[in-house]
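Here are the chains, one letter per residue:
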Amino acid sequence: MDAALATDPPKPDRRFLDTDAAADYLGLSPRTLQKHRVYGGGPPFRKFGRRVLYALDDLDRWADARMCDGMATEGKG
């Protein structure tokens, strides 16, 4: 066994979802995620050949970054 492999910490179990499953997980349409891939602003994704996959932890971070406190700030100031 390679010594470098033996000393590397184990990677957390990562689950990946395809576009349909990721959209369902976020409560969005698959088309919305497709548009985000083209125009930007969406969650990070990975391409494996023609397959597009999203890591669950990336989806959670992306959704958490869009959390609002409920206070409307548009038009104030």
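In case you missed it, the structure is sitting above this.
Residues numbered from 1 in each chain as written. Predicted model: local features only at pLDDT ≥ 70, side-chain atom pairs only at ≥ 80, totals over all residues. Heavy atoms only, no water.

Some thoughts on the environment of V52
Where we set the bar: Numbered from the N terminus, helices here are DSSP runs of H or I no shorter than four residues, and strands are runs of E no shorter than two. Only protein chains enter the accessibility calculation, which uses a 1.4 Å probe. A residue is then buried if its area is under 20% of the maximum for its type, exposed if over 50%, and partly exposed in between.
Positionally, V52 belongs in strand β3 (residues 51-55). Residue V52 is classed as buried on the basis of its relative accessible area, which comes to 13%. Each C-alpha atom, one on V52 and one on D18, is 6.1 Å from the other, the two residues being 34 residues apart in sequence.

Some remarks on the pairing of β3
Note the following rule: Should DSSP find at least two bridges between two strands, the strands are regarded as paired.
Within β3, four of the five residues are buried, leaving the element largely enclosed by the surrounding structure. With two bridges connecting them, strand β1 (residues 16-17) and β3 associate as antiparallel partners. Bridge pairing in β3 places L17 opposite Y54. By the bridge criterion, three bridges tie strand β2 (residues 46-48) to β3 in an arrangement that is antiparallel. The residue of β3 that forms the bridge with F48 is R51. Hairpin connection, β2 to β3: the antiparallel pair is bridged by two residues, and G49 has positive phi, about 65 degrees.

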